[in-house]
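# Coordinates in review
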Amino acid sequence: MSASARKSGAVDGAALRVAGERNPKAYNGSTHRNQRMEYGLVALWWLAFVGLALFGLPVAARLFASLPGRGAGFSFALSLAVVTLVAFWVGFLALGWVALFAGLAALAICAVLAVRSGVAIDRRAAVEATVVFTFVYLFVVALRAVEPGITPGGEKFLDFGLVASLYRAGSLPPEDFWFAGESIIYYYGGHLTVALLARLTDTVPWTAFNLGMAGLYGTLAAGAYELAGAVAVGRRKLRATHEGHTRTLAGATAVFFTMFASNPSTAIRLLVRRLPTVVRDEAADAFAASHSQLPDYQVLRPIPEGYQYKVAGRIIPKTYDPFPLFGAIRGDIRPYFLSTPFLLCAVGLCYAYYRTPAESIRRRRALVFGAVPVVGGFMALVNTWSLAIVLGVAWLTLTFAPTSLRSLVPARLATPIENAVGRPATDTPRGALARVAGAAGLAGVVGVLAALVALPFVLGPVRAGPSTPLIVLDAAARSSVGSLLLIHGAFLAVFVALLLGRVRRRWSAAVAVAGALWFVAVVAFTPAALAPLALFVIPLALGWYLLATDRAGFGTLLVVAGFGLLTLAELVYLAEGGEGRFNTVVKTYMPTWILWASAAGVFLPALVRGRSPWTWTRRQQVGSVLAALLVLSTAAFGGVAVQRHFAHPGVEEPTLDGLAAAEENVPGQVAGIRWLDARPGRPTIVSAPGRYVYRWSASPAASLTGVPTVAGVSHEAQYRGQGTYLDRVYAVNTIYLGGAERRAALLETYGVEYVYVGPTERLRYGDFAPFSELRGVRVAFREDNVTIYEIDRERLGAVENETG
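Given the structure is predicted, the values throughout are model-derived calculations rather than measurements.

### A closer look at the pattern of salt bridges
In total, this model carries 14 salt bridges according to the counting rule given. Note that Arg682 and Glu175 form a salt bridge whose closest N and O atoms lie 3.5 Å from each other. With a gap of 507 residues between them, Arg682 in the loop between helix 29 (667-677) and strand 3 (684-686) and Glu175 in the loop between helix 7 (156-168) and helix 8 (189-200) connect regions that are remote in the sequence. As far as the burial class goes, Arg682 and Glu175 line up, both buried.

### Overview of the pairing of strand 6 (residues 786-791)
Burial analysis of strand 6 places five of its six residues in the buried class, which makes it a mostly covered element. Pairing geometry for strand 5 (residues 777-783) and strand 6, over six bridges, is antiparallel. The partner of Glu783 across the bridge, within strand 6, is Val786. Taking the residues that link successive antiparallel strands as the turn, the strand 5-strand 6 hairpin has two residues, and the phi of Asp784 there is positive, at about 55 degrees.

### Points about the environment of Arg691
With respect to the helices, strands and loops of the structure, Arg691 is situated in the loop between strand 3 and helix 30 (700-703). Overall, Arg691 belongs to the exposed group, its relative accessible area being 54%. Through-space distance from the C-alpha of Arg691 to that of Gly712 is 8.3 Å; in sequence the pair is 21 residues apart. Excluding anything up to four places from it in sequence, Arg691 contacts Ser714 and Arg764.

### Digging into helix 32 (residues 722-737)
Here helix 32 contains 16 residues, and its C-alpha end-to-end distance of 22 Å stays within 8% of the 22 Å for a straight helix at 1.5 Å per residue. Buried residues of helix 32: Tyr725, Arg728, Val729, Ala731, Val732, Ile735 and Tyr736, and no others. Looking straight down helix 32, one finds its buried side chains confined to an arc of 160 degrees; they lie on one side. Facing away from the buried side of helix 32, by more than 90 degrees, are the exposed residues Gln722, Asp727 and Leu737. Residues of helix 32 that are buried sit in contact with strand 3, helix 31 (716-720), helix 33 (740-749), strand 4 (752-757) and helix 34 (759-765).

### Considering unusual backbone geometry
The step from Leu172 to Pro173 runs through a cis peptide bond, and the omega angle for that step is 0 degrees. Relative to the assigned elements, Pro173 resides in the loop between helix 7 and helix 8. A positive phi angle, close to 55 degrees, is found at Asp202, a residue other than glycine. Accessibility expressed as a relative area gives 48% for Asp202, which makes it partly exposed. A positive phi is found at Ser699, a non-glycine position, where the angle reads about 50 degrees.

### Quick word on the nonpolar core
The biggest cluster of nonpolar side chains holds 226 residues, and the ones touching the most others in it are Phe554, Phe637 and Leu704. If one sorts the elements of this core by residue count, helix 9 (residues 205-234) sits on top with 18 residues. Discounting chain neighbours no more than four positions away, the residues touching Leu704 are Ile150, Phe157, Phe160, Trp206, Leu659, Ala662, Ile673 and Trp696. Counting 23 residues, the second largest nonpolar core, distinct from the first, contains Ala688, Leu746, Leu747 and Val752.

### Quick notes on a negative patch on the surface
A cluster of acidic residues, Asp281, Glu282, Asp285 and Asp296, forms a negative patch on the protein surface. Looking at which element gives the most residues to the negative patch, the answer is helix 12 (residues 277-289), with three residues. Here Asp296 is to be found in helix 13 (residues 296-299). Given the relative accessible area of 35%, Asp296 is considered partly exposed.

Rules used throughout
Residues numbered from 1 in each chain as written. Predicted model: local features only at pLDDT ≥ 70, side-chain atom pairs only at ≥ 80, totals over all residues. Heavy atoms only, no water. Salt bridge = Lys/Arg side-chain N within 4 Å of Asp/Glu carboxyl O. Helix = DSSP H or I, 4+ residues; strand = E, 2+ residues; numbered from the N terminus. Buried < 20%, exposed > 50% of the residue type's maximum accessible area, 1.4 Å probe, protein only. Pairing = 2+ DSSP bridges. Contact = heavy atoms within 4.5 Å. Expected span 1.5 Å × (residues − 1). Arc of directions from axis to C-beta. Core = buried A, V, L, I, M, F, W, Y, C linked by side-chain atoms within 4.5 Å. Patch = residues over 30% accessible without salt bridge, like charges linked within 9 Å, V, L, I, M, F, W, Y side chains within 5 Å. Areas by Shrake-Rupley, 256 points an atom, 1.4 Å probe, with all protein chains shown as cover. Lys, Arg positive; Asp, Glu negative; His and termini not counted. Charge placed at Lys NZ, Arg CZ, Asp CG, Glu CD.

What follows is the structure, encoded as structure tokens:
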């Protein structure tokens, strides 16, 4: 920037572009039409994820020593958790490079200690996990490269604002970019991971947003491959030659259901259109009755012409029924997704405990009271809801693991308890209840330890808004059986077939008839209010019975956990984040999908393979047909939605620059946003409050830079309270419309350094008095339809005294 330009206080577009040539990060005047795909960054982020996973391999091998593969696929999530958690604690002193180096050093120390302990690494499993990660990583990179934009849709403004704020922050907790001067009241652990990786790779947040998303999806896939493969191999004794094949088949199936499958609603819609005319209309009506987003006339519309992929995730009325592929296409890094790779890591730790021999007491204690609380505590930072799910899985694991709970408790504590209540045999009802209660108590201890791991977050800012009550769901508001079958039908088919396969051959026909009668009774005769519970509770009870009688293993435990989550969502909900049970459904359905996808990876290949070519031939044939139908029906959404996604790209040439959408939708503001982003530190700005998070007027200057504004999107009313938020809104209105003395006082009160005037401000406030009429205020930037004023608060204070 020239000296004359600085002296005059105005910076025109030409001067800014000259500055951009000297400092490319300060400004990029090109539009997305002139950008090119960032192949170098794609490779660099792949190296970052894989490099961290390599350091995490010895640690994973130590923790998962009792599992086939020694936890190689979990090393991606484990390494990210260690680095981020240490950086989180150090970040309260200093964030940025200091916290990042501390996290990397902690991971390196853990790796060295694990290697010195003589741990063995399964190299084949490590290669397989890397291949799985790479495949999914590149797949999501390709998805984002044709639609990279950070848009208001799906709350991407909130998620990106968190990443950008953490990238800018000098310490934790980060300042709220929609409520300047106050700390963020939201879980941000996963966004901190992306911000740390952005700093490690020297990537601007606009691009890091998409690359971090791709890497975390790859991390999720590697964990699903590892968990399903380990559980499948552990189900029965296998020859060494068969173990690798079983592991690969189960893992690949789990990756398919985790990343590439969807609910079968799209396939059913395709099928309805091809039915004979005499039944097609009735079938369309029945389908529409179970799908809140599709009237009957839309059901029969051609696909893919006019296909809206969003309807596949909006089946239950007034809810969102997510699955990973939906989020990958939409471009989500919502907390309920960010927690999923770490959920699988925590479940893997529970399975490692499940498989650890009874005599290895120290290892079992280390897993239950050390590793699980650490990962669970980290998940509290990422998505607090997920900690409760980890504790639930830990409780089930402790309940059904084939080892004594007593050995986990020091003798000086266990003896008084036994003296008081006795030591009942576990094969009696009293003993079974005692074990369930004891497991619940130990899971509570795990929860306390996890809270200590996340203590600065737990003791962090408390929302000033209304409390979050637990509300009993009205019976009339429960989901219909039809909608539940549209969402979960594919998994239910696998698990029902599994239960049939577990009975003796002479009972197969009777159980099949009983299952058919149960299904008919649920659909046709059960009252609508009770039908969802009947659909879930009966399989839940049957799965519990199989686990309690040692007729099932850890795979069935995953199934039971999913049924438990779905049952809870039909009984109660937390009134958080809007009206009704929207948030509760989202944050129970996504982890259920993840758990069930891994379970399907274990059980579906088993249905096809069978146990013996002599006694299971017919069942293998039936299983093969079922598997083919399930794969085709759940792949239909991906085939249609991904094809349409690439056929109608959002950019002319592939790029991962998240500002591409802004350059298309609000091109007149991009230069100003880039200029603001180039300001060091966290200067406070004032801009028009955003009424809706799903519109481009949702405080784009703050949302796309992480620079805090005095009052941002109305989401803040949920955290701060309606009155507190409206006070800020009135203050902002006065800054734009009030008299000179009042404007100057408020600018001083909130420590404002820049005033942003763009299209939204002009539309909302009309012909307001120019800020340049205030002494101490100058035009710092003007281009297109954005003017940014810089505030000299020392001179502004003098003006306030003079005007007073």
